[in-house]
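Each chain, letter by letter, is given below.
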Amino acid sequence: MLLVKNNKTDNRMNNRTTFEKELRQAAGNEPMVSVALVTYKHEAYIREALDSILMQQVDFSYEIVAGDDCSPDGTQGILREYAGRYPDRFTLLLREENLGATANSYDIKCHCKGRYIAQLEGDDFWTDPLKLQKQVDFLESHPEYIGTAHMHNVVDENSRPIEGIDGYCEPGRFTMKDYLVEGNLPGQTATLVYRNIYRNPLHDYSIEAKAHDYRSDVTVTLILLSLGDIYTFTDSMSSRRLVRKAGETNWNSVSMTRDLKVDECLLSARLLCWRRKEFGPTEAGNARMRMWQENALIVFLKRPSKRRREALKEVIREISGPGFLTLRCLGLIPGIIKRKLRKQA
């Protein structure tokens, strides 16, 4: 647990006890699991994703909350087809206007009624029919964990394994230190099953829709780790589709035309500021904030551009508040020099 330096304390255990009690009281006839299915232009893949959900062998009820972000292809038609075959299983959120990837994802979760949420994007799919049962059983018997993840495979657009790329993640307990210090994730989006924190929100989770226009995985991981640890299984139980093509709308394709250094600086600064606001400052968090300010300055100095200057201004003002940009930047230089000297030592 991170050391808190002000009067706010990290109430993770109390928070978890509170919403567990609320979930039990609200349970009734609600499903045990809500599958949050995010889709956009997934006509070629969505059937494989849906079939992988419906093949799950479980001893509890589950719902599928599918949110399609105004796809121009046949994705919505396929969702309606499956919902017609399983009317008691599906809740469809078919957008008439495009919300954006992370806003769509956040809104889907706000509609989830289950005790747990399992995430899946429409171009990925699950491979183990016992996936949900394994993860739910673990969370039911381990209240100290907020969620679970697992290993996964990486496949191409034809669902063939891609050689040389695997979905290995360090198994066991995944903590905030692993996220903040090591910069790792406990698993890919399709691997996550976690307690439904959206039904009775204790904090403002809308940061998922604001921190980045595509990447919600990093944001959701930070939110969950702010409430508890995540357990990663050694089992490989899903496949992530990796497609990089010009003109495609998945993140791997879009990222080819983005300034990823800028994206990383802005996302990290926004998330760290959110955590400070919601949970109070910590020594580790403050150190990471200064590091990302320094990173933003380094990124700008290496290849100056209007976009990088605007990103630098936002990162510094998000973290330090309004002030003279030049003076703020000068104050970062000693830290940058120290980092460079440490690397050379």
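Residues numbered from 1 in each chain as written. Predicted model: local features only at pLDDT ≥ 70, side-chain atom pairs only at ≥ 80, totals over all residues. Heavy atoms only, no water.

### Some details on the overall build of the chain
Then comes step 1: Helix and strand counts for the chain come out as 13 helices and nine strands.
Then comes step 2: Among the 345 residues that make up the chain, the fraction classed as buried is 52%.
Then comes step 3: Across the chain, the fraction of contacts at a sequence separation of at least 24, relative to all contacts at a separation of at least 6, is 79%.
Then comes step 4: When the accessible surface of the chain is summed, it comes to about 16400 Å², and 50% of that surface belongs to carbon and sulfur atoms. (Helix = DSSP H or I, 4+ residues; strand = E, 2+ residues; numbered from the N terminus. Buried < 20%, exposed > 50% of the residue type's maximum accessible area, 1.4 Å probe, protein only. Contact = heavy atoms within 4.5 Å. Areas by Shrake-Rupley, 256 points an atom, 1.4 Å probe, with all protein chains shown as cover.)

### Brief notes about helix 10 (residues 260–279)
Then comes step 1: With 20 residues, helix 10 extends 28 Å between its outermost C-alpha atoms, agreeing within 8% with the 28 Å of an ideal straight helix rising 1.5 Å per residue.
Then comes step 2: Two residues or fewer after helix 10 comes Gly-280, characterised by a positive phi angle close to 90 degrees. (Expected span 1.5 Å × (residues − 1).)

### Let's talk about the nonpolar core
Then comes step 1: Counting residues in hydrophobic clusters, the biggest one holds 53 residues, and the most contacted among them are Tyr-179, Ile-197, Leu-271 and Leu-312.
Then comes step 2: Of all elements in the fold, only strand 1 (33–39), strand 6 (145–155), helix 6 (176–180), helix 8 (217–225), helix 10, helix 11 (283–302), helix 12 (306–320) and helix 13 (325–344) reach the threshold of two or more residues within this core. (Core = buried A, V, L, I, M, F, W, Y, C linked by side-chain atoms within 4.5 Å.)

### Some points on the side chain of Glu-63
Then comes step 1: Looking at the element boundaries, Glu-63 is found in strand 2 (residues 62–68).
Then comes step 2: No salt bridge is formed by the buried Glu-63. Its closest oppositely charged neighbour is Lys-113, at 5.2 Å.
Then comes step 3: Contacts of Glu-63, omitting those with residues within four sequence positions, involve Pro-31, Val-33, Ser-34, Val-35, Arg-89, Thr-91, His-111, Cys-112, Lys-113 and Gly-114. (Lys, Arg positive; Asp, Glu negative; His and termini not counted. Salt bridge = Lys/Arg side-chain N within 4 Å of Asp/Glu carboxyl O.)

### Overview of the pairing of strand 2
Then comes step 1: A large share of strand 2 lies buried, amounting to seven of its seven residues.
Then comes step 2: Of the two faces of strand 2, the one lined by Tyr-62, Ile-64, Ala-66 and Asp-68 and the one lined by Glu-63, Val-65 and Gly-67 are each fully buried.
Then comes step 3: Here strand 1 runs beside strand 2; their pairing, made up of seven bridges, is parallel. Looking across to strand 2, one finds that Val-38 is bridged to Gly-67.
Then comes step 4: As defined by bridge partners, strand 2 adjoins strand 3 (residues 90–94) across five bridges and the pair is classed as parallel. Bridge pairing in strand 3 links Val-65 to Thr-91. (Pairing = 2+ DSSP bridges.)

### Side note on helix 12
In an α-helix, one turn spans 3.6 residues, which is why side chains three or four residues apart end up on the same side.
Then comes step 1: Under the 1.5 Å per step criterion, the end-to-end length of helix 12 is 21 Å for 15 residues, consistent within 8% with the ideal 21 Å.
Then comes step 2: All buried positions along helix 12 are accounted for by Arg-308, Ala-311, Leu-312, Lys-313, Val-315, Ile-316 and Ile-319.
Then comes step 3: Two residues or fewer after helix 12 comes Gly-321, characterised by a positive phi angle close to 85 degrees.

### Side note on the confidence of the model for the chain
The predicted coordinates of low-pLDDT regions are not to be read in fine detail.
Then comes step 1: Put simply, the chain has an average pLDDT of 88, and 90% of its residues get 70 or more.
Then comes step 2: Predicted confidence is poor over residues 21–26, with pLDDT under 50, and the contacts of this stretch with residues over four places away or in other chains come to six contacts. (pLDDT = per-residue confidence, 0-100.)

### Digging into a nonpolar patch on the surface
Then comes step 1: A cluster of nonpolar side chains, Leu-330, Ile-333 and Ile-337, forms an exposed patch at the surface whose accessible area comes to about 250 Å².
Then comes step 2: Residue placement: Leu-330 occurs in helix 13.
Then comes step 3: Residue class for Leu-330 comes out partly exposed when judged on its relative accessible area of 48%. (Patch = residues over 30% accessible without salt bridge, like charges linked within 9 Å, V, L, I, M, F, W, Y side chains within 5 Å.)

### Regarding the packing of helix 10 against helix 12
Then comes step 1: Contact geometry for helix 10 and helix 12: axes closest at 9 Å, N-to-C directions at 15 degrees. The angle between helix 10 and helix 12 falls in the class roughly parallel. Regarding helix 10 and helix 12, the two cross each other, and that crossing is left-handed. In contact with Lys-261, Val-262, Asp-263, Cys-265, Leu-266, Ala-269, Arg-270, Cys-273 and Arg-276 of helix 10, helix 12 contributes Arg-307, Arg-308, Ala-311, Glu-314, Val-315, Glu-318 and Ile-319. (Axes fitted to C-alpha atoms, helices over the stretch in contact; angles between N-to-C directions. Parallel < 35°, antiparallel > 145°, perpendicular 65-115°, else oblique. Left-handed = near helix turned anticlockwise from the far one by under 90°.)

### Looking at the environment of Arg-317
Then comes step 1: Along the chain, the position of Arg-317 falls in helix 12.
Then comes step 2: Sequence separation between Arg-317 and Arg-328 is 11 residues; the distance between their C-alpha atoms is 9.3 Å.

### Looking at the packing of helix 10 against helix 11
The geometry of a pair of packed helices is captured by two quantities: the angle between their axes and the separation between those axes.
Then comes step 1: Remark: helix 10 packs on helix 11, axes separated minimally by 10 Å, with the N-to-C direction vectors making an angle of 155 degrees. In this view, helix 10 runs roughly antiparallel relative to helix 11, as classed from their interaxial angle. In this structure, helix 10 meets helix 11 at a crossing whose hand is left-handed. In this structure, helix 10 contributes Lys-261, Val-262, Glu-264, Cys-265, Ser-268, Leu-272, Cys-273 and Arg-276 to the contact, and helix 11 contributes Arg-288, Met-289, Trp-292, Asn-295, Ala-296 and Val-299.
Then comes step 2: Partitioned by chemical class, the residues of the contact of helix 10 with helix 11 number eight nonpolar, two polar and four charged. (Nonpolar A, V, L, I, M, F, W, Y, C, P; charged D, E, K, R; others polar.)

### Overview of the pattern of salt bridges
Side-chain pairing between opposite charges can occur once the charged atoms of the two side chains come close.
Then comes step 1: Enumeration according to the criterion identifies 19 salt bridges in this entry.
Then comes step 2: The residue Arg-160 makes a salt bridge to Asp-156 at a minimum N-O spacing of 3.2 Å.
Then comes step 3: Residue classification places Arg-160 among the partly exposed residues on the basis of a relative accessible area of 48%.
Then comes step 4: Exposure remark for Asp-156: the relative accessible area of 17% places this residue in the buried category.
Then comes step 5: With a shortest N-O distance of 2.9 Å, Asp-263 and Arg-258 are connected by a salt bridge.
Then comes step 6: A relative accessible area of 26% means that Arg-258 is categorised as partly exposed.

### Quick word on the packing of aromatic side chains
Then comes step 1: Evaluated as defined, the whole model comprises eight aromatic pairs.
Then comes step 2: Residues Tyr-145 and Tyr-231 carry aromatic rings whose centres are separated by 5.7 Å and whose planes lie at 80 degrees to one another, so their mutual orientation is edge-to-face. One end of the pair, Tyr-145, is in strand 6; the other, Tyr-231, is in strand 9 (residues 229–241), and 86 residues separate them in sequence.
Then comes step 3: Taking relative accessible area as the criterion, Tyr-145 reaches 6% and is therefore assigned buried.
Then comes step 4: An aromatic cluster is defined as three or more aromatic residues linked by ring pairs; in this entry it consists of Phe-138, Tyr-145, Tyr-231 and Phe-233.
Then comes step 5: Between Arg-89 and the ring centre of Tyr-62, over which it is positioned, the NZ or CZ distance is 3.9 Å. (Phe/Tyr/Trp six-rings, centres within 6.5 Å; stacked < 30°, edge-to-face > 60°. Lys NZ or Arg CZ within 6 Å of the ring centre and 35° of its normal.)

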